[in-house]
Amino acid sequence: EPEVTQTPSHQVTQMGQEVILRCVPISNHLYFYWYRQILGQKVEFLVSFYNNEISEKSEIFDDQFSVERPDGSNFTLKIRSTKLEDSAMYFCASILDGQGAEAFFGQGTRLTVV
Amino acid sequence: KQEVTQIPAALSVPEGENLVLNCSFTDSAIYNLQWFRQDPGKGLTSLLLIQSSQREQTSGRLNASLDKSSGRSTLYIAASQPGDSATYLCAVTSTGANNLFFGTGTRLTVIP
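None of these values were measured; they are calculated from a predicted model.

**Student:** Hey, could you go over the environment of B:Gly60 for me, with residue numbers and the actual values?
**Tutor:** All names here are of chain B. Of note, glycine 60 is situated in the loop between strand E6 (56-59) and strand E7 (62-67). For glycine 60, a relative accessible area of 72% gives the class exposed. Separated by 42 residues in sequence, glycine 60 and asparagine 18 have C-alpha atoms that sit 13 Å apart.

Structure, rendered in structure tokens:
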């Protein structure tokens, strides 16, 4: 069964460093997303990506964050100058087509900033 | 802005019992509602997707209903098993947006 895969499963980084979280969405899906979940809190939307550009972003997704689809399969989230409060589980998701389609999530990357 | 609430926050039941989890949302203009399961420290597994035009969906022992006009959904789990222990999240896609708005979840424990 097709699935969304994320690497690494756990990343520890020092405050101020840059991290890149990687995702391979389901191959024929067109919309890609990043969400995050701070421990004990709701899953929150960060950004959506369609047709090689950002289609929507939340107020959380500021200049510290960027996304890229460097090739036909990978979808990355870059976080610059990490802060302690960036520690969270980051989830990648993809959907086949527009609104109304089922969202499929990866297993997440647990980011710990120390 | 869409707000999604889930009640109760935690639920503990003996094995074999039927149970209902509740989800409410403030803006009824939605495309769909999706129920997920999350095991501790793990990802989100999609359980059921209900389109805004549908009233319910079933998968095995799970049945989800949707009352869009009142902003409510329920997830019914029949004959609960210890393996059902997890956190259950509901999420909606509002019209005019293409992202999911999540509730805080219900943590279910099924006692053998």
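**Student:** With reference to specific residues and values, describe the pairing of strand E8 (residues 72-77) of chain B.
**Tutor:** Residues and elements named next belong to chain B. By the alternation rule, side chains of E8 split into Ser73, Leu75 and Ile77, which are all buried, and Arg72, Thr74 and Tyr76, of which none is buried. Bridge analysis of strand E3 (residues 19-25) against E8 gives six bridges, and the strand direction is antiparallel. Across the sheet, the residue bridging to cysteine 23 is serine 73, located in E8. Sheet analysis places E7 next to E8, joined by six bridges and oriented antiparallel.

**Student:** Outline the pairing of E7(B), supporting the account with residue identities and numerical values.
**Tutor:** All names here are of chain B. Of the pairings in the sheet, the one linking E6 to E7 comprises four bridges and is antiparallel in character. By the bridge assignment, glutamate 56 is partnered in E7 with serine 65. The hairpin formed by E6 and E7 contains two residues between the paired strands, and glycine 60 there has a positive phi angle of roughly 60°. Once E7 ends, the chain turns through four residues before running back antiparallel as E8, passing glycine 71 with a positive phi of about 70°.

**Student:** Quick one: what's the story with the pattern of salt bridges, residue by residue and with numbers?
**Tutor:** All chains considered together, the criterion is met by four salt bridges over all chains. Of the charged contacts in the structure, one is a salt bridge between B:Glu3 and A:Lys42, with a shortest N-O distance of 3.9 Å. Taken together, the residues span two chains, with B:Glu3 in the segment before strand E1 (4-7) and A:Lys42 in the loop between strand E4 (31-37) and strand E5 (43-50). Exposure remark for B:Glu3: the relative accessible area of 38% places this residue in the partly exposed category. Taking relative accessible area as the criterion, A:Lys42 reaches 23% and is therefore assigned partly exposed. Across the pair B:Asp39 and B:Arg37 runs a salt bridge whose closest N-O atoms are separated by 3.0 Å.

**Student:** Lay out the sheet that holds strand E8 (residues 75-79) of chain A with the relevant residues and their values.
**Tutor:** Residues and elements named next belong to chain A. Spatial strand order, E1-E3-E8-E7: four strands in an open sheet with antiparallel pairing. One side of each edge strand has no neighbouring strand; the edge strands of this open sheet are strand E1 (5-7) and strand E7 (65-68). Strand-to-strand twist in this sheet, taken as the mean axis angle between neighbours without regard to direction, amounts to 20°. Alignment of E1 against strand E3 (residues 19-24), held across three bridges, turns out to be antiparallel. Following the sheet pairing, glutamine 6 is matched in E3 by cysteine 23.

**Student:** Explain unusual backbone geometry residue by residue, including any values.
**Tutor:** For the bond from A:Thr7 to A:Pro8, the omega torsion is -10°, close enough to zero to count as cis. For A:Pro8, the position within the fold is in the loop between E1 and strand E2 (10-13). The omega torsion of the bond from B:Ile7 to B:Pro8 falls at 0°, within 30 degrees of zero and hence cis. Phi at A:Asn51 is positive, roughly 55°, even though this residue is not glycine. For A:Asn51, the position within the fold is in the loop between E5 and strand E6 (53-57). A positive phi is found at A:Asn52, a non-glycine position, where the angle reads about 65°. Tracing the chain through its elements places A:Asn52 in the loop between E5 and E6.

**Student:** Kindly report on the packing of aromatic side chains, identifying the contributing residues and their values.
**Tutor:** This model, assessed by the stated rule, comprises 13 aromatic pairs over all chains. Here A:Phe91 and A:Phe105 contribute two aromatic rings whose centre-to-centre distance is 6.4 Å and whose plane-to-plane angle is 75°, an arrangement assigned as edge-to-face. Remark: A:Phe105 occurs in strand E10 (residues 104-105) and A:Phe91 occurs in strand E9 (residues 88-95); sequence separation between them is 14 residues. For A:Phe91, a relative accessible area of 0% corresponds to the buried category. Among the residues examined, A:Phe105 registers a relative accessible area of 7% and is labelled buried. Taken together, the aromatic side chains of A:Tyr33, A:Tyr35, A:Phe45, A:Phe91, A:Phe105, B:Phe36 and B:Phe102 make up a single cluster linked through ring pairs.

Conventions used here
- Residues numbered from 1 in each chain as written.
- Chains lettered and ligands numbered in written order.
- Predicted model: local features only at pLDDT ≥ 70, side-chain atom pairs only at ≥ 80, totals over all residues.
- Heavy atoms only, no water.
- Helix = DSSP H or I, 4+ residues; strand = E, 2+ residues; numbered from the N terminus.
- Buried < 20%, exposed > 50% of the residue type's maximum accessible area, 1.4 Å probe, protein only.
- Pairing = 2+ DSSP bridges.
- Salt bridge = Lys/Arg side-chain N within 4 Å of Asp/Glu carboxyl O.
- Axes fitted to C-alpha atoms, helices over the stretch in contact; angles between N-to-C directions.
- Phe/Tyr/Trp six-rings, centres within 6.5 Å; stacked < 30°, edge-to-face > 60°.

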